[in-house]
Amino acid sequence: MVGATKRADEITWQSLLEPRSFLGRFLHPMIQKRRTLAGILSWVGLGLLVSFILIALLAPLIAPYDPIQINVNEVNKPPSAAHWMGTDYLGRDLFSRVLWGARTSLLIMVVGVVIALAIGFPLGLFSGYRGGRIDRVLVLIMDSVYAFPGLLLAALVAVILGKGVFNIGLAITVIYVPLYYRVTRNQTLAIKEELYIEAARALGAKPRTIMWSYIAYNVLVSIPVIFSLSAADAILTAAGLSFLGLGLERPLPDWGLDLSDAQQFLDNGIWWTSVFPGFMIILLTVGLSFLGEGLNDLVNPLLQKERV
Amino acid sequence: MPKRPSLLAYAISRLLLAFPMLLILLTVVFAVLRILPGDPIAALYGGRAPADVVAAARERLGLNKPVWEQYVIYLRQIFTGDFGTSLGEIYRGNSVWATVMLKLPATVELAAGGMIVASVVGIGMGVLGGVNRDRPIDVAVRLYGTIVWVIPIFWLGLMLQLIFAVALGWLPPSLRYSSNVDRPPTVTGLLTLDGLLEGNLGHVWVALQHLILPSLTLGLVLSGFFTKTVRANLLRTVSSDFVEAARARGLRWRTVVYRYAFKNALIPVVTILGLQFAILFAGAVLTERTFSWDGMGTLLLDSIESKDYTMIQGTVVIYAFIIIVISVIVDIINGLIDPRVRY
């Protein structure tokens, strides 16, 4: 059985990479079809994501300067050998700030998307399996929230919760709970009609066992694609919130905050403070969406693309 | 053959469905503003006001009543069109409804500009990709669709300002209109349209110059989604039976694509237009901030900054109204042009 749990001593690297295992379902097509467009996209995306994770982890080691160190003698200097990306209006080294900013972005993204998954997934599973009136009410609620501009809703929650990395992560979950709910519910609806579920029911399995041992795993397989696409969106939303002054407190190194500061100096032709933080956001979001779309094409060629 | 549901029946059922949706959104707004931790009054006075002032303000806003009673009052006020008066520093005492209506045209103008750019660029690129399937040009179109979609809207705005306003000086960097030119008399509030109604093309040109960069910013980001959908639809239509039949009758490939497949591939674009409005409004808030565009988004942000609780509530509720009205209209248009939807 695909969803059967293994004992701890049975789990080896080999077993993780088997074609039918969770990781194997993605890694195998990535390796086998590495020369197709989808394969290339997914590898480029994975590479970008891994580099950003490394940058975020190693920021204290690789950043040449302290990202919040003010230097009045070096205000608004263009890129040079000493400051690769120039300095900002407080004389802080932009390259160091941009590296440290990866930390902030990834942290918010992980908090937001993981919490949304933790709420949306069980809710969708329950709603899809149970059906009936509860299901219809939940669908209506989730669809209504989904129809509303996510950024506005997140902004509203962010104002109430206050600033801070964790609060912003929490605020953006309101956008992604409906998304995960919908995906999980639709998959559950399809899977619960499968023959092996029927068989489990005939053997007397309890609804909870069927939901968590038989359906959950097979729904989870469709999550990574949505996960990386919504992660890209989450990074854009978080950057948008801090650009609007709703997300984080200065002097925290953050791409959105840096862009918000850069806007005031644009008229003086100071381009570097707005160009580089934007590049970082784009590289990371492009990486995540390449990975998501590449995997989508590799794993579900027939599946309609669900775009965030 | 089963009888096809009439358009009227479909429209009515769609309208009825909009009502609970509106109620849910209103409830979400209520919940976010009142049940979540955080006290609007404390926030309003920054925690420095004497206790009796705070108590009086709570009394005035009905915040001392039980939550369910507040909820009933809130719904009654909204359905009777009473949005209250502003509590903030900028608009204190002004009617919330009147203030929002004053700002709405700017947002409508920006949204319309963005939609035009998105449709033209998106449909053009999508067709280009779909017709040249799997050739380098198609790969380029697909990459464009993916990449442009994840560019932060405000960053694109800053870059366009940097290039076309700061470096080249071709277009104004921000605002809706030049301060040293007379504004056309207000009829619709849309400056380009008001200029046309006035018959003064000079004024129209000034308004258009200011509209170009914000519309491009908003439209280009949205065009990514259009590009992908149009391309995918065109490919699906091209491989359908009626296209094969047309080919079998000996029609040229080009004729088949542009005369037959094209029209059918565009039907779902109406649906995307509807889906994109929520994203459009979110994007418009960021675009407005980037270009100091004095619309509803700017109003919302200003009221958030000044803790203008009634104005925040009013603006968000009107956003919800607009979104639901648009989604109903789009669904009805969809039912009109594609009878399959009505089932």
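Predicted, not measured: the structure shown is a model, and the values here were computed from it.

**Q** I would appreciate a short explanation of the interface of chain A and chain B in the present structure.
**A** The accessible area lost on association of the parts is a frequent measure of interface size. Contact with chain A, which involves 44 residues of that partner, is made by 44 residues of chain B. Interface of chain A and chain B: buried area, both sides summed, is about 4200 Å²; carbon and sulfur atoms make up 80% of it. Among the residues of chain A in contact with chain B, Leu-156, Ile-160 and Leu-244 of chain A are the three that bury the most area, contributing 14% of the side total. Taken together, the connections running from chain A to chain B amount to 2 salt bridges. The residue Lys-228 of chain B makes a salt bridge to Glu-293 of chain A at a minimum N-O spacing of 2.4 Å. The interface formed by chain A and chain B contains 6 residue pairs in polar contact (both at pLDDT 80 or more). The set of elements that each furnish at least two residues to the side of chain A that touches chain B consists of helix 3 (37–62), helix 5 (132–147), helix 6 (150–161), helix 10 (223–243), helix 11 (255–263) and helix 12 (272–299) of chain A. Top contributing element to the side of chain A that touches chain B by residue count: helix 12 of chain A, with 12 residues. Residues belonging to the side of chain A that touches chain B are distributed by class as follows: 30 nonpolar, 9 polar and 5 charged.

**Q** What is the right way to look at helix 13 (residues 309–337) of chain B in this model?
**A** For helix 13 of chain B, built from 29 residues, the straight-helix expectation of 42 Å at 1.5 Å per residue is met to within 8% by its first-to-last C-alpha distance of 43 Å. Here helix 13 of chain B lies mainly inside the structure; 21 of its 29 residues are buried.

**Q** Explanation requested: the packing of helix 3 of chain A against helix 4 (residues 94–130) of chain A in the structure shown.
**A** To characterise two packed helices, one gives the angle between the axes of the helices and the distance between these axes. All names here are of chain A. Two numbers describe how helix 3 lies on helix 4: the axes approach to 8 Å, and their chain directions differ by 130 degrees. Here helix 3 is positioned oblique relative to helix 4, judged by the angle of their axes. Considering how the two elements wind past one another, helix 3 and helix 4 form a crossing that is left-handed. Touching Phe-52, Ile-53, Ile-55, Ala-56, Leu-57, Ala-59, Pro-60 and Ile-62 of helix 3 are Leu-99, Trp-100, Ala-102, Arg-103 and Leu-106, all from helix 4. Across the contact of helix 3 with helix 4, the residue classes tally to 12 nonpolar, no polar and 1 charged.

**Q** So what exactly am I meant to see when it comes to the packing of aromatic side chains here?
**A** By convention here, two paired aromatic rings are described through the distance between centres and the angle between planes. The final tally for this structure, using the stated rule, is 16 aromatic pairs over all chains. Summarising the aromatic geometry, the rings of Trp-84 of chain A and Phe-95 of chain A are spaced 5.1 Å apart at their centres and angled 45 degrees between planes, so their arrangement reads as tilted. With Trp-84 of chain A in the loop between helix 3 and helix 4 and Phe-95 of chain A in helix 4, this residue pair connects regions lying 11 residues apart in the sequence. Measuring from centroid to centroid gives 5.6 Å for Phe-279 of chain A and Trp-155 of chain B, while their planes differ by 50 degrees, and the two rings are tilted. In this pair, Phe-279 of chain A is assigned in helix 12 and Trp-155 of chain B in helix 7 (residues 153–167), connecting two distinct chains. Each member of the aromatic cluster is reached from another via a ring pair, and the members are Trp-271, Trp-272, Phe-276 and Phe-279 of chain A together with Trp-155 of chain B.

**Q** Got a minute to help me understand the environment of Leu-196 of chain B in this structure?
**A** Residues and elements named next belong to chain B. When you line up the elements, Leu-196 lands in helix 8 (residues 191–198). What makes Leu-196 exposed here is its relative accessible area of 51%. Spatially, the C-alpha atoms of Leu-196 and Pro-184 are 8.9 Å apart, while their sequence positions differ by 12 residues.

**Q** What's the story with the pattern of salt bridges in this structure? I'm lost.
**A** This model, assessed by the stated rule, comprises 12 salt bridges over all chains. In this structure, Arg-250 of chain A engages Asp-261 of chain A in a salt bridge whose closest nitrogen and oxygen atoms are separated by 2.8 Å. Taken together, the residues span a long stretch of sequence, with Arg-250 of chain A in the loop between helix 10 and helix 11 and Asp-261 of chain A in helix 11 at a distance of 11 residues. Its relative accessible area of 6% is what places Asp-261 of chain A among the buried residues. Between Arg-176 of chain B and Glu-109 of chain B there is a salt bridge; the shortest N-O distance is 2.8 Å.

**Q** Is there a simple way to explain the domain arrangement of chain B in this structure?
**A** Residue and element names in this part refer to chain B. Its domain assignment divides chain B into domain 1 (25–79) and domain 2 (103–342). In this structure, domain 1 and domain 2 have C-alpha centres spaced 37 Å apart. Overall, the association of domain 1 and domain 2 removes approximately 990 Å² of surface from exposure, summing both partners, and the carbon and sulfur fraction of that is 80%. The interface formed by domain 1 and domain 2 contains 0 salt bridges. At the junction of domain 1 and domain 2, the tally comes to 0 residue pairs in polar contact (both at pLDDT 80 or more). Counting only elements with at least two residues in the side of domain 1 that touches domain 2, the list comes to helix 1 (7–35), helix 2 (40–45) and helix 4 (67–79). Considering every element that reaches the side of domain 1 that touches domain 2, the biggest residue donor is helix 1, with 5 residues. Class assignment of the residues belonging to the side of domain 1 that touches domain 2 gives a composition of 11 nonpolar, no polar and 1 charged.

**Q** Which parts of the structure should I look at to understand the confidence of the model for chain A?
**A** Low pLDDT means the predicted coordinates in that region are not meant to be read closely. Residues and elements named next belong to chain A. Taken as a whole, chain A shows an average pLDDT of 86; of its residues, 92% reach a score of 70 or greater. For chain A, helix 1 (residues 13–16) is the element with the lowest average pLDDT, namely 67, and helix 4 is the one with the highest, namely 94. This stretch, residues 303–308, has a pLDDT under 50; its non-local contacts, to residues over four places away or in other chains, come to 20 contacts.

**Q** Where do I start with the environment of Ile-323 of chain B in this structure?
**A** In this structure, Ile-323 of chain B sits in helix 13. The exposure class of Ile-323 of chain B is buried, given its relative accessible area of 6%. As for Ile-323 of chain B and Phe-281 of chain B, which are separated by 42 residues in sequence, their C-alpha atoms are 8.9 Å apart. Those residues within four positions of Ile-323 of chain B in sequence are excluded, and the remaining contacts are Ala-147 and Pro-149 of chain A together with Ala-278 and Phe-281 of chain B.

Here is what the cut-offs are and how they apply
- Residues numbered from 1 in each chain as written.
- Chains lettered and ligands numbered in written order.
- Predicted model: local features only at pLDDT ≥ 70, side-chain atom pairs only at ≥ 80, totals over all residues.
- Heavy atoms only, no water.
- Contact = heavy atoms within 4.5 Å.
- Buried area = accessible area lost by both parts, 1.4 Å probe.
- Salt bridge = Lys/Arg side-chain N within 4 Å of Asp/Glu carboxyl O.
- Polar contact = N/O pair within 3.5 Å; in protein donor to acceptor, adjacent residues only side chain to side chain.
- Helix = DSSP H or I, 4+ residues; strand = E, 2+ residues; numbered from the N terminus.
- Nonpolar A, V, L, I, M, F, W, Y, C, P; charged D, E, K, R; others polar.
- Expected span 1.5 Å × (residues − 1).
- Buried < 20%, exposed > 50% of the residue type's maximum accessible area, 1.4 Å probe, protein only.
- Axes fitted to C-alpha atoms, helices over the stretch in contact; angles between N-to-C directions.
- Parallel < 35°, antiparallel > 145°, perpendicular 65-115°, else oblique.
- Left-handed = near helix turned anticlockwise from the far one by under 90°.
- Phe/Tyr/Trp six-rings, centres within 6.5 Å; stacked < 30°, edge-to-face > 60°.
- Domains from an automatic or database assignment.
- pLDDT = per-residue confidence, 0-100.

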